[in-house]
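A look at the structure
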Amino acid sequence: MADNLSNESKNLRTQLNLFLSGTDESGQILSNVEKTQSAIVLLHSLPCARHAVLEQLCDVFHEAVQKYVVELERQALSGTTGHPADLDPELLSALQNVSEVVCRFVDNNPTAWAPLICEWSLNLLGQVVTRNNGRRGVSITMSLSEGIHKWMLFPAVRRLMDIAIHCSAKLVGRGQADVCVQCLLQIAMKSSPHLDWVVAHIGSHFHEVFIPKLLSTALKEYTASQSLGGISGEASVMTPTMVQVLAYLSLQHSQEIKSNLLTIFHESIPNTAGTDIKPAEQLATLPFLLHVATLSPSLLRGTIKEFLDALIPEVLIQLLEQSKKRGETRKSLISSVVDVIKNTGEGALDIFQFLLKNLHESNSKACVDVHPTQVEVKKSFVLTMELLLHRLQEAALQRHSLLYKSSSFSPHTESKQIESEFLKVMSCHSQYLCKTILATDSNKAPSIFRLLVIIGVHSGQTSAAGILSQVLINCKNANHLEVFVQLYKELRLYYTHLLDDVVKTCLSCSKSPAASSLAQLVGLLSNFHRSNLSSSLQKYRIVFANLLSHPNLEVSLKSLKLVLSCHKPLPDKVSTLMKLCNNSVGHCKVHQAMRKEHVHLFGGILSEVKVSLLERNSNPHISSHLPLTPSSVFFSGIVGDIKKRNRSKTPDRTELQSWLQTSQLLTDMVFTLCCISDHEDSDNTSLTLHHKYVDSLALLLMEIVCPDVIPITFDWPDDDSLKFTMESTLMSSLLATVMANWEVHRDVSVDQSSLHFKVTCFITDLMTKASWLPPPISRVGAVFSLLQPKEIYTLLSTMWKVLKEFPPPSSAMTPEATRQRWQQGAAFKTQKEVVKAIFVNNIGKLGHHYARVFEESW
Amino acid sequence: MNDFEEDTWNIASWKADIPGKVSFIKHSLSCSQFPDCSRNVILMLEKYFNSYAPESPPNPGLYLSAFLDDVIDLYIFHSTGSGAKSLSAIQGLQLLEVICSCFQHQKSDFVRCGVFYLLFGVTSQDIKDGKVEQKVELLNKLVSMAVALHCDHLLESMAVWMQRHHHRPDIVLKVTSSIIEDYISLVPASLPFLQNLAMHSPLMACQLMTGLIVLHPIVNRQKGQKCSTNTILPPLPLLKVVASWINQTPDLCLMTLPSTLLTAGRLRGSFLPPESTPLPSGPLLGLLRWAVLMPLARDFSVIGRQAQHESRLLCSQLHLAIIQAFLLASKNEENPQEEMELEPGEVMDESDSRHLIKASDLKELSQDMIKLIDNSRALELNKGFIDQQVQLSIDRFAQTLQVAMATSCLSATKDELLSIYKRLPGNK
């Protein structure tokens, strides 16, 4: 046996010489494969050579990787793709041999070999990867999973990974996970970030142990770096790597990571039973977690709620004390808190609510015995909220100026900075915020208000308009309106056509015919009306004008009010005007006609209109076509009937009152419409009526009241056409009707109370007022009651003739021009004689009227 | 090599222009490649010691000592502090091979021990400079290699080194445990090499045993320290190795070292101050402890039946070997060898066979026995089995005492022995 052994010893010496010299007995240089073989022999029998052997074994792996890379490059050059052909089979079998031997050692004595081999394989991996990074096929910019995919194609790398995983499994199985994790982390730190994928991949094999270990190690390292570097200038190497690795692991084990993060947090709070964390680490935990969250917001995703739940007042006080112990200025931590919040998407609303709640916690309580620390906690919250809003505002402003101001918008350069997940998510909750701001007391409102403004600025005009309209729609009282106005004033600075959108959005919101939206619409309109924005709303009169035709009376009334509240003249487009009138008048008429209980009020509107127009007519510069108004039609036709039907009824007072209001409104509107000047800058106070508008109005009224009337040409119809086209024009038809009536009248005297008589008087009166007729015939209307029907008929037909000869002028004329007009024609003299003859015949009755009728003046 | 160079490389021949020669040597060393430079340093040192007789070892002056220190630091230890590059693992292995072969080819014991001590002796200066660590590390590997490659000469030098550092148990035990770790735990396949050690270098085997017994005391003396049962009990392979050693050569336990070797090469620094209790001078008492305490200490519930049986067998082999050793010692006493020279300051007074075992040692051992017996009874395992084990242990204890007394290797009064007996449970 001794001989055997000394032989063996001799052999060993030979192998050692072979190994060390790298040449065989004949001086031939050994290949890597051969060296590997002799190395394995030494590994089996010379314990002290193990390190050297392992070092030698690296060569064969390097060679394999090198060959693979060269092969990849060759393929890339030749244009072929795909998996490189098998490497040198000898090399592959050497690799296999090594990994088998090494794994056997680990199996036989894990305690001694597993850490050694684990470290070796990981180190070698680090070398291989670092050395070949940047070569073709593998690049440093790869993501973790890409890295795994690419590198695992390398046979040598795969072998090494297998070995490393084998070792770590052994270590973990024996409860020595610490060793393994330590080893992994050391390697990771040494060749970070090249080896992050290795750490992540291996770590995922025993994640239950790995994740907490990783976290606690990183925390330790972070603590150390904090206490050494003082400020965070001495950044820890471990944490970024850890975050990378965790981010990878979170693909599969996110729940575990989250619970571990939470555990760390809970352990950091003093008084928690059963923690064996050092005080220094406890103190460093919060900054550490914040650091982690800053590096990777996604890691905290889903934990926000739990974190917030954990932050009960007692804990907050403890955290405050911790921060005092850390001796840092409170702001530094708050700043990073704010950073984290800014980048937190999920749970943003929860965070905001939490901040709000704590901001005003002690305020709501009776401030009898508030703990001083509680006050300080509150202060911190105030500071946090302030800073958060400030940062968000910055981000929003940057984004805004980038999107709306600069033409050369490059999304890559600054898009990261200006993005805020928090704002993105919060903008989805803007509806909620709008409701809250209106519902809450004045305490919380400023913060919500500012946030709403920021959201508005951040997420664009549509969104801003959405916010405004939400607020507006939900406005219930003056305070609410004030909020809206303030909000609008803020946001208006950022968007040019904001109100446009607001109005549009509002109206589209309340478009659906449901009762609730109807009420909303009414509220909205009155809100518009009361919001003192009339001057700004002027542009949208058209929009509101469209609402005039809304089937709901209240809606149309509100919109009418709104339109009227716009002091500025309406746009000088006839079509607009037409539409407006059409809507308003048409609506009123139709509406009233359809609702019988209001029918009796119709007279009211007529009289009102008349009064109003009369007033206007008192203006000497105006000549209008009043006879063309539909009032006469009403008077002779429909209205008469209505009046008859309803005379017995006494109108309900309140209804009457409301109707009076309505009609006043209408009158005002019509008046306003007609007062529009062509020139924007003309003086509004003069209230000049404009001819063309009045014309249009008349036409419109005609159209509405007598839908079957042929459009007016403004030429008085021919005498002959009288019988055929009695209704051809409004006035002539009226006159004709009246004439026909008198012609067949066989009574000796006139019944003054008859409708007939009144209509006649009215018509003549109107024609007189319109200066259609020359004196004296224009003045005979006053004496109709003293005449016989036959005589009245004669006078009326004389009027007809005059009108035939002098059709009513199409435009207003000066009195002088009118007089000149009369003096030219024959009808002028005729009418004078006819009137004179009638006076002569009835001189007894009419004598004292003569002077008045035949007065020379005009 | 021409005459001039011959002269220059032999430090002993330096008479004049010492600084010039020093710089010449430094320069030529720096020009030579690794591992030649390391080899040259060792050869130079050997040449230096070769020029002196063992009775009058060289005593270099301060200047020369400093030069030697420098060179050794740079080319043997490659300590990074001295500006050299640290070696790769393969180069480290190469260095070991160079040192081994140098020592293997040196015929003079005196030169080997001198050079070895010059290279690896731990001085108080080393402790101050923090160089102990690297020395011990290199030593570990060196010894480990020497065991496998049968570098008997180097092992011998190492044994001397261990003896000379026996008042610094921490250092010696480090080397011991590292060798055991290498052969028993890391590469069990290489265990035969270790088993064979006693044949090649009985001195080294003896020193190793001394260390091993301290490493695995079975019963922990210091109450403050809590050792796991794994380290406090000798592992089975180790037991096997030790048993095979002393069965082949029972006089291993009685080995002593030639005093000339113990003083060679002490060149520099002050003598290392003793620290705590020194290592025992021989393994005999420790082996007795193993033989007596093992039956009581083995946690039988853990170990398998096979291992249990094996361990029992090995312990009885140990027991036999101890008794044989006593017999041998008494024989040696009858034919006394030449008187050994004792250096002042060296603790060699126990080499006398009459002091192989003292009453105080026995007292301690009996206390440990009682402690273990109480422990195992408290556990209330298999009572019959425990009684059996206790009986075995006490039998061994009594038999050994008997032989020791008969061979007059025991120095104790009757009263002392009686007080010990009274405490132990009676045997059948």
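Residues numbered from 1 in each chain as written. Chains lettered and ligands numbered in written order. Predicted model: local features only at pLDDT ≥ 70, side-chain atom pairs only at ≥ 80, totals over all residues. Heavy atoms only, no water.

Turning our attention to the overall build of chain B. Check the secondary structure of chain B and you find 21 helices and two strands. Here chain B holds 428 residues, and 51% of them are scored as buried. Summed over its atoms, the accessible surface of chain B is roughly 19500 Å², and 53% of this surface lies on carbon and sulfur atoms. (Helix = DSSP H or I, 4+ residues; strand = E, 2+ residues; numbered from the N terminus. Buried < 20%, exposed > 50% of the residue type's maximum accessible area, 1.4 Å probe, protein only. Areas by Shrake-Rupley, 256 points an atom, 1.4 Å probe, with all protein chains shown as cover.)

As a further point, take the environment of D196 of chain A. Looking at the secondary structure, you find D196 of chain A in helix α9 (residues 196–203). Between the C-alpha atoms of D196 of chain A and M242 of chain A, which are 46 residues apart in sequence, the distance is 8.4 Å.

Evaluation of the coordinates by the stated rule reveals 13 salt bridges over all chains. E63 of chain A is paired through a salt bridge with K67 of chain A; the nearest N and O atoms lie 3.3 Å apart. Note that E63 of chain A and K67 of chain A are positioned in helix α3 (residues 50–78) at a spacing of four residues, about one turn of the helix. On the accessibility criterion, K67 of chain A (32% relative accessible area) is partly exposed. Residues D70 of chain B and K26 of chain B are paired through a salt bridge, measuring 3.5 Å at the closest nitrogen-oxygen approach. Placement of the pair is D70 of chain B in helix α4 (residues 62–77) and K26 of chain B in helix α2 (residues 18–31), with a sequence separation of 44 residues. (Salt bridge = Lys/Arg side-chain N within 4 Å of Asp/Glu carboxyl O.)

Next up on the list: the packing of aromatic side chains. Inspection of every chain in the model, using the stated rule, returns 10 aromatic pairs over all chains. On the numbers, 5.9 Å between centres and 75° between planes, the contact of F61 of chain A with W120 of chain A is edge-to-face. On the criterion of sequence distance, the pair formed by F61 of chain A in helix α3 and W120 of chain A in helix α5 (residues 110–132) is long-range, its members being 59 residues apart. Each member of the pair, F61 of chain A as well as W120 of chain A, carries the same accessibility label: buried. On the basis of an interplanar angle of 50° and a centroid distance of 4.9 Å, the ring pair of F116 of chain B and F120 of chain B is categorised as tilted. Of this pair, F116 of chain B and F120 of chain B are both found in helix α6 (residues 109–120), four residues apart, which corresponds to roughly one turn of the helix. Following the ring pairs from residue to residue traces out a cluster consisting of F77, F103, F116 and F120 of chain B. The ring of Y117 of chain B has R164 of chain B lying over it, and the distance from NZ or CZ to the ring centre is 3.7 Å. (Phe/Tyr/Trp six-rings, centres within 6.5 Å; stacked < 30°, edge-to-face > 60°. Lys NZ or Arg CZ within 6 Å of the ring centre and 35° of its normal.)

This brings us to the nonpolar core. The biggest cluster of nonpolar side chains holds 304 residues, and the ones touching the most others in it are W120 of chain A together with W161 of chain B. Filtering out sequence-adjacent residues up to four positions away, W161 of chain B remains in contact with F116, Y117, F120, G121, V122, L139, I171, V172 and V175 of chain B. With 36 residues, the next largest nonpolar core counts F757, A770, L796 and V853 of chain A among its residues. (Core = buried A, V, L, I, M, F, W, Y, C linked by side-chain atoms within 4.5 Å. Contact = heavy atoms within 4.5 Å.)

In this fold, N109 of chain A is placed in the loop between α4 (89–108) and α5. In terms of polar contacts, N109 of chain A uses its side chain to reach the backbone carbonyl oxygen of S185 of chain B, at 2.2 Å. When residues no more than four places from it in sequence are discounted, the contact partners of N109 of chain A are A114 of chain A together with S185 and L186 of chain B. (Polar contact = N/O pair within 3.5 Å; in protein donor to acceptor, adjacent residues only side chain to side chain.)

Turning to the interface of chain A and chain B, a few remarks are in order. One frequently used descriptor of interface size is the decrease in accessible area upon assembly of the parts. Counting residues at the interface gives 28 residues for chain A and 26 residues for chain B. For the pair chain A and chain B, the summed buried surface comes to about 2400 Å²; carbon and sulfur atoms form 69% of the total. The interface formed by chain A and chain B includes one salt bridge. Among the ionic pairs, D182 of chain B bridges to R50 of chain A, the shortest N-O distance being 3.0 Å. (Buried area = accessible area lost by both parts, 1.4 Å probe.)

What follows covers a nonpolar patch on the surface. Residues and elements named next belong to chain B. Together, M405, L418 and Y421 make up a nonpolar patch on the protein surface, roughly 280 Å² of accessible area in all. Along the chain, L418 turns up in helix α21 (residues 414–423). For L418, a relative accessible area of 44% corresponds to the partly exposed category. (Patch = residues over 30% accessible without salt bridge, like charges linked within 9 Å, V, L, I, M, F, W, Y side chains within 5 Å.)

For the rest of this paragraph, the subject is helix α14 (residues 313–326) of chain A. Here α14 of chain A spans 20 Å end to end across 14 residues, near enough to the 20 Å set by a 1.5 Å rise per residue. Along α14 of chain A, the residues classified as buried are V315, L316, I317, Q318, L319, L320, Q322 and S323 of chain A. (Expected span 1.5 Å × (residues − 1).)

On to the packing of helix α17 (residues 284–297) of chain B against helix α19 (residues 359–379) of chain B, then. Residue and element names in this part refer to chain B. Running from amino to carboxyl end, α17 crosses α19 at an angle of 15°, the nearest separation of the two axes being 10 Å. Here α19 runs roughly parallel to α17, going by the angle between their axes. When you trace α17 past α19, the crossing you get is right-handed. Counted together, L285, L288, R289, V292, L293, L296 and A297 of α17 and D361, L365, D368, M369, L372 and I373 of α19 form the full contact between these two elements. Among the residues forming the contact of α17 with α19, the class breakdown is 10 nonpolar, no polar and three charged. (Axes fitted to C-alpha atoms, helices over the stretch in contact; angles between N-to-C directions. Parallel < 35°, antiparallel > 145°, perpendicular 65-115°, else oblique. Left-handed = near helix turned anticlockwise from the far one by under 90°. Nonpolar A, V, L, I, M, F, W, Y, C, P; charged D, E, K, R; others polar.)

Moving on, we get to helix α20 (residues 383–406) of chain B. Residue and element names in this part refer to chain B. Its 24 residues give α20 an end-to-end C-alpha distance of 34 Å, which sits within 8% of 34 Å, the value for a rise of 1.5 Å per residue. Within the span of α20, buried status applies to I386, Q389, V390, Q391, S393, I394, R396, F397, T400, L401, V403 and A404. Phi for S408, located one or two positions after α20, is positive at around 50°.

Residues and elements named next belong to chain B. Here the residue pair F34 and P35 is connected by a cis peptide bond, since its omega of 0° sits within 30 degrees of zero. With respect to the helices, strands and loops of the structure, P35 is situated in the loop between α2 and α3 (36–50). Its identity is not glycine, yet H150 carries a phi of approximately 55°, on the positive side. On the secondary structure map, H150 appears in the loop between α8 (132–149) and α9 (152–164). With a relative accessible area of 9%, H150 lands in the buried category.

Moving on, we come to the confidence of the model for chain B. When pLDDT drops low, the exact placement of atoms in the prediction is not to be read closely. Residues and elements named next belong to chain B. Predicted confidence across chain B gives a mean pLDDT of 78, with 81% of residues reaching 70 or more. Across residues 223–229 the pLDDT falls below 50, and counting only partners more than four positions away or on other chains, this stretch makes four contacts in the model. Ignoring residues within four places in sequence, the model shows residues 336–351, a span with pLDDT below 50, making 11 contacts including any to other chains. (pLDDT = per-residue confidence, 0-100.)

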